[in-house]
Amino acid sequence: MLDEGRRRAARGTDVVVGYAECHGRSHTEAMLDGLEVLDRARREYRDRTYPELDLEAVLRRRPQVVLIDELAHSNVPGSGNAKRWQDVEELLADGIDVVATLNIQHVESVKDVVERVTRVPQHETVPDDVVRRAGQIELVDMPPEALRRRMAHGNIYPPEKIDAALANYFRQGNLTALRELALLWTADRVDEALKKYRSEHGIGGVWETRERVVVALTGGPEGETLIRRAARIAARSARGELLAIHVARSDGLAGGGASHSALARQRRLVESLGGSYHSVVGVDVPTALVEFARAENATQLVLGTSRRGRLERFLTGRGIGETTVALSDGIDVHMVTHERAGRGRLLPSRRRTLPTSRLVAGPVAGLVLPVLLTLVLDRFRGTLNLTSEALLFLVTVVGVACIGGVVSALIAALTASLLLNYWFIPPIGEFTFSDPDNMLALGVFALVAGTVAAAVDRSLRLSRRAAAATAEAETLSSLAGDVVRGDQAIPALLARIRETFGMESADLVEQPEDDSAATQVPVGSDLFLVLRGRALPSSERRVLAAFAAHVSAAVERARLAEAAAEIEPVKAADRMRTALLAAVSHDLRTPLAAGWAAVGSLRSPDVHFTDEERDELLATADESMARLGHLIDNLLDMSRLQAGALTLNLRATMLEEVLPSALDSLSPDAPPPVVHGLEEIPPVFADPPLLERVIANLIGNAARFAPSGHPVLVTASALAGRVELRVVDRGPGLPPTDRERIFEPFQRLGDTDNTTGVGLGLALARGLTEAMDGTLTPEDTPGGGLTMVLSLPFAETVAAQPRNGRGTHGTECMRRTQEDQASSALDTADPFQEG
């Protein structure tokens, strides 16, 4: 970032440094020389001062370019924005260009993957959309070996932290996985930019930048064979993509044995292999296949060999596969054999439309075929009678009707009538129209020929309508399947519409544009669906209207979900109050009743107590009031946690100082725990009273389930900038399904004994721990039982990073753990320094 700033400044650009975190590295600090560095804002929070980006100063200065480090950083409470990327958006909106830095582990979409790989949760992330909107993304790449070498040479962490970092977050496997994530994420963004460029410039040719394999499905039994073959082809190339397509024809190609259930099975197979399924409407199957492949920049197209037999191929001519090969032009076409090849019906699913070739061939056949028949019959004159000759002419007319429709049939009927009259009705060689019988015969002949031709033409038109209805039904059925599976997000629906109709783009806008080339459909009362690309015929507009209805429903669901999300906190508060009232109805009365009974007895003038009885009543009253006070404290703290209003006083805290107070708060009847391993533990960054409450709740809960003769064990260890306190019991343990339920308030996993509290102990312990930026997780105890692991950051580690503030989201205290600092070392690492 600093190197880019220096290059731009050398070219005369007005560049300032808004925020650069050098971490005391001399080589990095030296790169600030010659650059204007703005002063940082000082934010007061909890009696401490933290440096932050001074957004107002940058806006007043108004440079051309500002350099801002660590885009994912969380601002100290009291700042104008919660996140630094929100500050950057304000600068961009004001016309100031920004050069910023970001680690791959801070990108929102890969957060969960990073946590699974590194076992370190990421608390600071940037939405993917924010990063995608960047005018330019530059990947700064470094091999893991080189980064570990820089770490070992002391160029990232001080010497005392190097070994722990190399053994934990900076393991070679972790860095390799992060590097791959960065490369793949950037490659996807490059691919998006490439698609946009090709679309804007009307580039239809295939650019083989990545292997994309498209497999064509008809819904026939060979589909699974084709899918697996295509998947193997895609797997041979790194990052190869598999796309399956089914073309629903709207102009007369019947399913060819298509089965909706087979298509559903094949879709599931494609998705299980990591591919995507697409359904499009097309007038011509080969054209639709090739156009889809080009739109997706596919490099290979997989089709099954024809199911038609030899006779059918001879009669019907070139099939879909051969036509696709002829149209492919740059796309490799694989014709895959299968068990159904050559085993189709004699004439399955013949074209029922009249393409241009048949419209031309029909009239020609109407003129030529009767003449050819006349020549043949003339050679066999005397063999057949007039009736047989007339029937053969009639068959010829019907054949012409099947080729070219009514017009061609009428031409053939007229030609055949004239030839029949001239060559076969006496007197031969003359046109005879005077004989009534001849005239009647010719009239009936023409009527029969015209009637048959009209019937054939009507059948063709009905077939076209049926085929169109079938295509529409297939498309809507596929759409309904998406809705049932939950694939109904608005962006997914828009992408589906664009693919289905073969359009260049599909957008949802508030105001329709004055664009005659765009297809606009109203969606609800205030939105419009705008498609750009080819003109849609009326038959496809009907299907589009159905898609628009689904989009409208999705928009309405999104609005309702947004409204429900706003109401959810209120509902949660109501549920909390209801549960609270139900839980305390008994638990508050029990200690109150015991305390009142003891005090009432002592105040009774009619009863005289011995000193031992008086002491016992006073002890009962004291214990009841202590239980009541503990219960009220828990309820108040839980309500503060739920409201996000808990006040923290975080500071360096020794476990040895907190543990005795936590043990004193336990029941005197509980056996004392066994404690060891706390002597060499460094101080943690925590709120001492709250940490005491957490430890007391954990030990108290463990003591309830610890069997006699097996006291609770408390141990501690330090690793990778964090302290782990373990509370171990030898009780019955917990099944994995109940690991998270134990942290829900007001329940005790089926325990009906209300004398032990309202089930807030572990819920409160986790809430307080997370408020101190710690974690509380259950584990199995080796040999049986449950171990609660409390993890908190080193105090010295957090104190060394004052810029990040202190606290968590729920309490508005901004703090990063040691793991976060380790995971953000790529932010601070200068990969091009000599090490």
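Reading guide: rules and limits
- Residues numbered from 1 in each chain as written.
- Predicted model: local features only at pLDDT ≥ 70, side-chain atom pairs only at ≥ 80, totals over all residues.
- Heavy atoms only, no water.
- Buried < 20%, exposed > 50% of the residue type's maximum accessible area, 1.4 Å probe, protein only.
- Helix = DSSP H or I, 4+ residues; strand = E, 2+ residues; numbered from the N terminus.
- Pairing = 2+ DSSP bridges.
- Axes fitted to C-alpha atoms, helices over the stretch in contact; angles between N-to-C directions.
- pLDDT = per-residue confidence, 0-100.
- Contact = heavy atoms within 4.5 Å.
- Phe/Tyr/Trp six-rings, centres within 6.5 Å; stacked < 30°, edge-to-face > 60°.
- Polar contact = N/O pair within 3.5 Å; in protein donor to acceptor, adjacent residues only side chain to side chain.
- Salt bridge = Lys/Arg side-chain N within 4 Å of Asp/Glu carboxyl O.
- Core = buried A, V, L, I, M, F, W, Y, C linked by side-chain atoms within 4.5 Å.

(A) Up close: helix 18 (residues 490-500). Along helix 18, the residues classified as buried are Leu493, Leu494, Arg496, Ile497, Glu499 and Thr500. Just downstream of helix 18 lies Gly502, where phi reads positive at about 65°.

(B) Representation of the sheet that holds strand 16 (residues 674-676). Reading across from one edge, 16-18-19-21-20 is the order of the five strands in this open sheet, with mixed pairing throughout. Of all the strands in the sheet, just strand 16 and strand 20 (775-780) have a single pairing partner and so form its edges. For this sheet, the mean inter-axis angle between neighbouring strands, taken without regard to orientation, is 20°. One ladder, built from seven bridges, connects strand 19 (residues 722-728) with strand 21 (residues 786-793); its direction is antiparallel. Of the residues in strand 21, the one forming a bridge with Leu725 is Leu790.

(C) The arrangement of the sheet that holds strand 1 (residues 15-19) in detail. Taken in spatial order, the four strands of this open sheet run 2-1-5-6, and their pairing is parallel. Of all strands in the sheet, those with a lone pairing partner are strand 2 (36-37) and strand 6 (97-100), marking the two edges. When strand 5 (residues 65-68) meets strand 6, the two strands line up parallel, connected through four bridges. If you follow Ile68 over to strand 6, its bridge partner there is Ala100.

(D) View of the confidence of the model for the protein. Averaged over every residue, the pLDDT of the protein is 77; residues scoring 70 or more account for 75%. pLDDT under 50 marks residues 251-257. Its contacts with residues more than four places away, or in other chains, come to 20 contacts. Confidence over residues 802-835 falls short of pLDDT 50; this stretch has 138 contacts with residues more than four positions distant or in other chains.

(E) Local environment of the packing of aromatic side chains. With the rule as written, the count across this model stands at three aromatic pairs. When the ring of Tyr169 is compared with that of Phe170, the centres are 5.7 Å apart and the planes differ by 70°; the resulting orientation is edge-to-face. A residue is classified by how much of its surface remains accessible, and Tyr169, at 5% relative accessible area, is buried. On the numbers, 5.5 Å between centres and 80° between planes, the contact of Tyr422 with Trp423 is edge-to-face. A residue is classified by how much of its surface remains accessible, and Trp423, at 34% relative accessible area, is partly exposed.

(F) Examining the side chain of Glu52 more closely. Considering the arrangement of structural elements, one finds Glu52 in strand 4 (residues 48-52). Residue Glu52 is classed as buried on the basis of its relative accessible area, which comes to 2%. Polar side-chain contacts of Glu52 include one of 3.1 Å to the backbone nitrogen of Val76.

(G) Up close: the pattern of salt bridges. Throughout the structure, instances matching the rule amount to 19 salt bridges. As a salt-bridge pair, Glu36 and Arg61 come within 2.7 Å of each other at their nearest N and O atoms. Highlighted residues: Glu36 in strand 2 and Arg61 in helix 3 (residues 55-61), separated in sequence by 25 residues. Classification of Arg61 by relative accessible area gives partly exposed; the value is 28%. Glu724 is paired through a salt bridge with Arg726; the nearest N and O atoms lie 3.1 Å apart. Under the relative-accessibility criterion, Glu724 is labelled partly exposed at 29%. One salt-bridge network, in which partners are shared between bridges, spans Asp3, Glu4, Arg7 and Arg8.

(H) Representation of the nonpolar core within the structure. Counting 42 residues, the largest nonpolar core has Leu655, Leu691, Ile695, Leu698, Met772 and Leu790 as the members making the most contacts within it. Only helix 22 (655-664), strand 17 (684-686), helix 23 (688-705), strand 18 (713-719), strand 19, helix 24 (761-771) and strand 21 provide two or more residues apiece to this core. Per element, the largest residue contribution to this core is eight residues, and it comes from helix 23. In terms of nonpolar packing, the next biggest core, distinct from the first, is built from 38 residues, Tyr19, Ile68, Val120 and Ala165 among them.

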